[in-house]
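Read off the chains here:
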Protein chains: 12
Amino acid sequence: MPENGRFYYDDYVVIKALENGVTVIGLTRGKDTRFHHTEKLDKNEIMIAQFTEHTSAIKIRGRVEVLTKHGKLRNDE
Amino acid sequence: MPENGRFYYDDYVVIKALENGVTVIGLTRGKDTRFHHTEKLDKNEIMIAQFTEHTSAIKIRGRVEVLTKHGKLRNDE
Amino acid sequence: MPENGRFYYDDYVVIKALENGVTVIGLTRGKDTRFHHTEKLDKNEIMIAQFTEHTSAIKIRGRVEVLTKHGKLRNDE
Amino acid sequence: MPENGRFYYDDYVVIKALENGVTVIGLTRGKDTRFHHTEKLDKNEIMIAQFTEHTSAIKIRGRVEVLTKHGKLRNDE
Amino acid sequence: MPENGRFYYDDYVVIKALENGVTVIGLTRGKDTRFHHTEKLDKNEIMIAQFTEHTSAIKIRGRVEVLTKHGKLRNDE
Amino acid sequence: MPENGRFYYDDYVVIKALENGVTVIGLTRGKDTRFHHTEKLDKNEIMIAQFTEHTSAIKIRGRVEVLTKHGKLRNDE
Amino acid sequence: MPENGRFYYDDYVVIKALENGVTVIGLTRGKDTRFHHTEKLDKNEIMIAQFTEHTSAIKIRGRVEVLTKHGKLRNDE
Amino acid sequence: MPENGRFYYDDYVVIKALENGVTVIGLTRGKDTRFHHTEKLDKNEIMIAQFTEHTSAIKIRGRVEVLTKHGKLRNDE
Amino acid sequence: MPENGRFYYDDYVVIKALENGVTVIGLTRGKDTRFHHTEKLDKNEIMIAQFTEHTSAIKIRGRVEVLTKHGKLRNDE
Amino acid sequence: MPENGRFYYDDYVVIKALENGVTVIGLTRGKDTRFHHTEKLDKNEIMIAQFTEHTSAIKIRGRVEVLTKHGKLRNDE
Amino acid sequence: MPENGRFYYDDYVVIKALENGVTVIGLTRGKDTRFHHTEKLDKNEIMIAQFTEHTSAIKIRGRVEVLTKHGKLRNDE
Amino acid sequence: MPENGRFYYDDYVVIKALENGVTVIGLTRGKDTRFHHTEKLDKNEIMIAQFTEHTSAIKIRGRVEVLTKHGKLRNDE
């Protein structure tokens, strides 16, 4: 257990699936930007995801509502 | 007991189950993003969960109301 | 007594029991997320609990009103 | 007297007893969460208590008005 | 005189006595929570008291108006 | 002259005497809470006083108007 | 794993594709500003991207809605 | 010239004399609270004074308008 | 990879091209202020650019809408 | 040139002379509070002055408008 | 490449030329205040410039609109 | 190039000349307060000037509009 840096306050986004089969993809931080994780969401499932040492970008496929610090966004309008 | 870093101010989310059988799943921080904990909530149970050294994402299955710093969300509308 | 870090400003939540037999459960921080403390509240008892080195999640069973930094929540509506 | 850390800015809550025999209980910080102090308040007595190295949770029995950073709460409604 | 830490910004509360014989009691910080100081206030006397290395809780007996960061409180209503 | 810590930003309160013979008393910080300074104010005199290494509480006798970070207070109403 | 600096709070932007074939291009930080990553978005796909050690500018081709800390922007009006 | 601490951001108060012969008195910081400086202001003269290493309290005699961070005060009403 | 300073929170500006052939020019930080990068934007392309170790000024030619922390600006009015 | 502390963000006040012969006097920081600089302003001249290592108080003679962080003040009303 | 201090958050101003031949001049930080860079702007060109190690003042000739943290300014009214 | 302290966020003021022959004078920081730089502004020229290691006060002669953090000021009314 590290002695400092126990502080995981990085921002997060909130994603609500509006249909089955939504895909939330974490893209790698670092020189190569590639997919490192894919999470499947069914309708009404909610994912709350932080940016981390390994994830500096998130890509979302499928109808969702997203809450971020810059506001709310839907793609089913 | 550590000498520094006694500071657990990481953000948290508040989840209220709106039906029996809600599942709140902690996903691991780090290279592999996999389930590391699953908590079952019955109707009206409330869970208040921080992001931690081990949890950088949370997935929720079932009807809930969620309070986050980016606002409030329900999936039973 | 430690020389630094005397600073216990971590966030807290406020729980008011709306019935007898409310259970407030502290879940452990760390690799294993398990119950480490259970507090019983009778009707109208109030508990004000911080997140700590040992508690990174709180689970509540029974009718309550909860005050958090993300807003107020009741489960008896 | 320590050279640093003279800084006792931790948050506090304000409790006003609305009847005789109110009990304000400090619960220990650390692995074991047990009662470490009990303060009795008679009607109209006020207690203003910080979270400290030794107290990470407070439990209140009896009718009170409580002021916290998340708002005001009464249990005599 | 210490070289650092000359910084006494800890929060304070403001107490106005609404009757003679108000008692403001400082409770000790640390393992034992006991009375370490009692200040008597007559009607209309005002006390402005910080939390300190020695005081982590304040108990008030008698009719007062109190100003705190969480709001204003009277016990003579 | 110290090399660091030249920073005297501690909070202050503003006291206006509304009658002759107002007494503003500084109470000592530390284990013993005793009077260490008494300042007499005549009607309309104003005192602006910081909390310091030596003063952690202030007691006021006589009719005054006080401005603090928690609001304004008069005791002549 | 580094001991400090586990803190990935850099700002991010939110991009919603309003048509197929949107291109989001990361431009390199450093002396040379060149394309280092290109992400294709189809209609309604959402990308949430941080600035990083490797990306100090983002270029977007195609109809999008963008949320940033300086406001919202659309290019299909 | 010191290498650090060139930072004189301590708070100040603004005093406008509303009559001749206003006295602004600096009281010493430290164990002894005594007058260390007296400044005379004639009508309409303005004094803007910081708290400093040497001044932790200010006493004002005579009719003035004072601007502080806790609000505005006049003593000629 | 550096151990500290992984923090790329520098401010950014958002530029939307309102015509083809917009030029966004990065000017060098340092003793010499010269062009170090030129980015061409066609109509409706969006560029989001941080200030960096290498860029302390940005020059824009052509009709654009710009979002900055000091407000919004258009040059096609 | 010092390696740290290049940071001159101390607060300043803005003074506009409303008549000829306004005097802005810098008073010394430190044990002795004496005049160390006098600046004469003619009507409509403006002076913007920081608090510094050498100046902890400013005295103004003559009709002026002053802008400070605690508000605006005129002495010619 | 330095290990710390990768942080270029200094404030910037936004300048829009309202005519051809606008001149934006960077003045040197340090003992001598002299011109170190001159940038010419034609009508509708926009310049966004930070304060830097080398620039502590900016002088503008010609009709412009300027956005700063203290507000907006035009000189063509 | 220094390793730390690359941070030039000191406050600045914005000056617009409302007539020819405006003089903006930088006064030296330090024991002696004397003129160290004089900048002439013609009508409509704008100067944006930071406080620096060398400048702790600014004196302005001639009709101007000034924007500061304490508000806006004109001397041609």
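Scroll up to find the structure this text is about.
Notes on the structure in this doc start here. If you're wondering where the values come from, they're calculated on a predicted model, not measured in any experiment.

**Some words on the interface of chain I and chain G**
In many analyses, interface size is given as the accessible surface area lost on bringing the parts together.
Then step 1. Facing 30 residues of chain I, the contacting portion of chain G comprises 37 residues.
Then step 2. Between chain I and chain G, a total of about 3,100 Å² is buried, with carbon and sulfur atoms accounting for 56% of that surface.
Then step 3. The interface formed by chain I and chain G includes three salt bridges.
Then step 4. At the surface where chain I touches chain G, the tally comes to 16 residue pairs in polar contact (both at pLDDT 80 or more).
Then step 5. Looking at the side of chain I that touches chain G, the elements with two or more residues in it are β1 (12-17), β3 (35-41), β4 (46-50) and β6 (64-68) of chain I.
Then step 6. By the bridge criterion, four bridges tie strand β5 (residues 55-61) of chain G to β4 of chain I in an arrangement that is antiparallel. Bridging from a neighbouring strand, Ile 60 of chain G pairs with Ile 46 of chain I of β4 of chain I.

**Section: the sheet that holds strand β6 (residues 64-68) of chain E**
Then step 1. Here we have seven strands laid out as an open sheet, ordered β7(E)-β6(E)-β1(E)-β4(E)-β5(F)-β2(F)-β3(F), and antiparallel in their pairing. Of all strands in the sheet, those bounded by a partner on one side alone are β7 (71-74) of chain E together with β3 (35-41) of chain F. Averaged over all pairs of adjacent strands, the angle between their axes in this sheet comes to 15°, without regard to strand direction.
Then step 2. Bridging between strand β2 (residues 22-28) of chain F and β3 of chain F involves six bridges; their strand directions are antiparallel. What sits directly across from Thr 23 of chain F, in β3 of chain F, is Lys 40 of chain F.

**Brief notes about the pattern of salt bridges**
Then step 1. Tallied over the full model, the rule gives 84 salt bridges over all chains.
Then step 2. The residue Glu 65 of chain G makes a salt bridge to Lys 72 of chain G at a minimum N-O spacing of 4.0 Å.
Then step 3. With a relative accessible area of 7%, Glu 65 of chain G lands in the buried category.
Then step 4. For Arg 74 of chain J, the salt bridge goes to Asp 76 of chain J, with nearest N and O atoms at 3.0 Å.
Then step 5. Each member of the salt-bridge network shares a partner with another, and the members are Lys 16, Glu 65, Lys 72, Arg 74 and Asp 76 of chain A.

So, how was this worked out
Residues numbered from 1 in each chain as written. Chains lettered and ligands numbered in written order. Predicted model: local features only at pLDDT ≥ 70, side-chain atom pairs only at ≥ 80, totals over all residues. Heavy atoms only, no water. Contact = heavy atoms within 4.5 Å. Buried area = accessible area lost by both parts, 1.4 Å probe. Salt bridge = Lys/Arg side-chain N within 4 Å of Asp/Glu carboxyl O. Polar contact = N/O pair within 3.5 Å; in protein donor to acceptor, adjacent residues only side chain to side chain. Helix = DSSP H or I, 4+ residues; strand = E, 2+ residues; numbered from the N terminus. Pairing = 2+ DSSP bridges. Axes fitted to C-alpha atoms, helices over the stretch in contact; angles between N-to-C directions. Buried < 20%, exposed > 50% of the residue type's maximum accessible area, 1.4 Å probe, protein only.

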